[in-house]
Structure formats: C-alpha cells, structure tokens
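Residue strings, one per chain:
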Amino acid sequence: MIFRQFIDPETSTHTYLLADESTRETILIDPVLEQFERDRTLLRELDLSLRYTLETHVHADHITAAALFRTEEGSEIGVSAAAGVKTADLELDEGDEIRIGSTTLEVCSTPGHTDGCVSYICRAQGMAFTGDALLIRGCGRTDFQQGDASLLFSSVRNKIFALPDETLVFPGHDYKGRMVTSVAEEKRCNPRLGLDKSEADFVAIMKRLDLAYPKQIDVAVPANLKCGLLEIPSGSPLPQSASAAAKPVASVMEEQGRQDAELDES
Ligand SMILES: [Fe+2]
C-alpha cells in the first residue's frame, strides 16, 4: 500500500492518502479544501486514481475538499450515515468495508465528539484513522455538534482501545507537530482517556475545559453538511474554475485550529 500523511498548517488537520500499488486506486481521508491542489498534484505525480474521499466527521474548523474532488476527479464521497450529510455517495455504517485493490478499510462508529464520527480501520496494516475521537494525548471537544463525553469515553475504550496494542493511530489533528501514536501508547499516556481514568474523571475533565465557541463553525458545518459544496455570497465574482472556489473560503476561514479539538493536556 502507498501511504502518505499531510498536514494543513492553518488548522493542523491531517489528511491521509492510501493507494493500492497495483490498481492505483486511491482514498483520501479528510481532504481540506484549501489543500486541494497539493493533494491533486501528488495524485498526478504518483499516477494515482482517486476513487473515494472519506470523512471522519462533519468538521467545524475547515471545509472538506470532497465535493471539489468529486467534480474534478470523479471520486465518490463517503461519510457516516449518522452525520446527516446530504449528497454523499456512500452513507457508511458500522462494519462497512471500503476496498481499493487488496486494501480494505473498515468503518468503525466512534461517536462522542460528534454523533456522526467514524474511525477507519486498516486491520491488515495495523492502522486506525480516528479523526477527532482520539488524538495524540487528547481528544476532540465534546461541547458542540451533539458532543457527548460519556459516549466518546465509550467509543475510545470499547472500540479504539479494543484494537491490538500495536495498532498505529493516525489522528484528525495535531497541534504540536506529532504525526502518529499507538493504541498502547494512548492507553498508557493519554491524560484524558488513559486506562488510569474513569468515565467520571473524563466527563469532569471535558466539562472543565470551558472552551470558546468555534469562530468558523457557522461557515464550515453548513458547507460540510453538503460535502463542502460552496455557496459564494451573492455579488461576489464567480470563480474562474472549481479549484479557484477555495479562495473566497480561505479568506473567511481564519486560523481556528485548536478550537475544533482543543488539546489542553491537563
Ligand atoms: Fe472535529
């Protein structure tokens, strides 16, 4: 399998590329609109064919590039059926499998940060893409978008921590330059969800965070509920190409990173 990990410096969002070496079929997990050209360039350079874009959840801090890739590359959009997203091509449920060549991704429902959060598990390769359910030494916030700390505790403990200890965990964000962790590492070292914490401890920690309302949630969430389809304000000049449509969005999407998945390590 071909594997690449990207970061969007504005929002510290990780995007992942998985491709089958023989068929060249490719999946992008959580592509960011402003990074469309970066990702498309690599597809071209490696002679890859984008088959699917998969979302781990409806993001509040950035707009997905899913709709733009569908338009430009003919890819299909996969998102949790529980996320309430309109116009997705694949509405994913627990246990669903997405295949590219000999590589299989399994859908694992991990709600709590949002009620439509899923993780994608690559069992043969021992990899888990956890979105904001489990971050490195942290987790996504649980105080908006139907967030539920008890539910997130259950998702992490019963789903992600049930994977083999050596499973590599690739998160949806990292704000400190870290790229990957493991199930064993987070069981031992996660200050919120480690095995030394009870559900009551976790709920109390999340309640104490008292985070600011995300500045861009009112822009990003409505767009992501339509797979990132853009609504250009009336009176604005129409973009010359689909990829140029990212520009007006970039201008209104201030850096917001930590607000989607605040990473207080207390
Ligand atoms: Fe998020």
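Look up a bit, the structure's there.
Note that the structure is predicted; figures quoted are calculated from it, not measured.

Enquirer: Tell me what's going on with helix α6 (residues 217-224), and back it up with residues and numbers.
Expert: Within α6 the residues assigned to the buried category are Val219, Ala220, Ala223 and Asn224. For α6, the buried positions fall inside an angular range of 105° around the axis, keeping them on one side.

Enquirer: Got a sec to walk through the packing of helix α3 (residues 149-160) against helix α5 (residues 199-208)? Specific residues and values, please.
Expert: Between α3 and α5, the shortest axis-to-axis distance is 9 Å and the interhelical angle comes to 130°. Of the possible angle classes, the one that applies to α3 and α5 is oblique. The interaxial crossing formed by α3 with α5 has right-handed handedness. Contact residues: Ala149, Ser150 and Phe153 in α3; Glu199, Phe202, Val203 and Met206 in α5. Broken down by class, the residue content of the contact of α3 with α5 amounts to 5 nonpolar, 1 polar and 1 charged.

Enquirer: Report on the sheet that holds strand β5 (residues 76-80), specifying residues and quantitative values.
Expert: Across the sheet, which stays open at both edges, the 6 strands sit in the order β1-β2-β3-β4-β5-β6 with mixed pairing between neighbours. The open sheet has two edge strands with one neighbour each: β1 (2-8) and β6 (90-92). Within this sheet the neighbouring strands show an average axis-to-axis angle of 20°, counted without direction. Note: β1 against strand β2 (residues 13-19), 7 bridges, orientation antiparallel. Paired with Asp8 across the strands is Thr13, a residue of β2. The sheet contacts of helix α1 (residues 36-45) involve β1, β2, β3 (25-29) and β4 (49-54), and relative to β1 the element is tilted by about 160°. Along the sheet face, helix α2 (residues 66-73) touches β3, β4 and β5 and points at about 155° away from the line of β4.

Enquirer: Give a detailed account of the sheet that holds strand β12 (residues 181-182), specifying residues and quantitative values.
Expert: The 6 strands lie next to each other as β7-β8-β9-β10-β11-β12, forming an open sheet whose pairing is mixed. The open sheet has two free edges, formed respectively by β7 (97-100) and β12, since each of these has just one partner strand. By the bridge criterion, 4 bridges tie β7 to strand β8 (residues 103-109) in an arrangement that is antiparallel. Residue pairing for β8: Arg99 is matched across the bridge by Thr104.

Enquirer: Just give me the short version of the nonpolar core, but keep the residues and values in it.
Expert: The tendency in soluble globular proteins is for nonpolar side chains to be buried as a group. Residues Ile27, Tyr120, Ala128, Leu134 and Val156 are the most contacted members of the largest nonpolar core, which totals 61 residues. With 5 residues, α3 is the single largest residue contributor to this core. Once residues lying within four places of it in the same chain are set aside, the contact partners of Leu134 are Cys139, Val156, Ile160, Val169, Pro171, Glu186 and Leu193.

Thresholds applied
- Residues numbered from 1 in each chain as written.
- Predicted model: local features only at pLDDT ≥ 70, side-chain atom pairs only at ≥ 80, totals over all residues.
- Buried ≥ 20, exposed ≤ 12 C-beta atoms within 10 Å, placed from the backbone.
- Helix = DSSP H or I, 4+ residues; strand = E, 2+ residues; numbered from the N terminus.
- Arc of directions from axis to C-beta.
- Axes fitted to C-alpha atoms, helices over the stretch in contact; angles between N-to-C directions.
- Parallel < 35°, antiparallel > 145°, perpendicular 65-115°, else oblique.
- Left-handed = near helix turned anticlockwise from the far one by under 90°.
- Contact = placed C-beta atoms within 7 Å.
- Nonpolar A, V, L, I, M, F, W, Y, C, P; charged D, E, K, R; others polar.
- Pairing = 2+ DSSP bridges.
- Core = buried A, V, L, I, M, F, W, Y, C linked by C-beta atoms within 7 Å.

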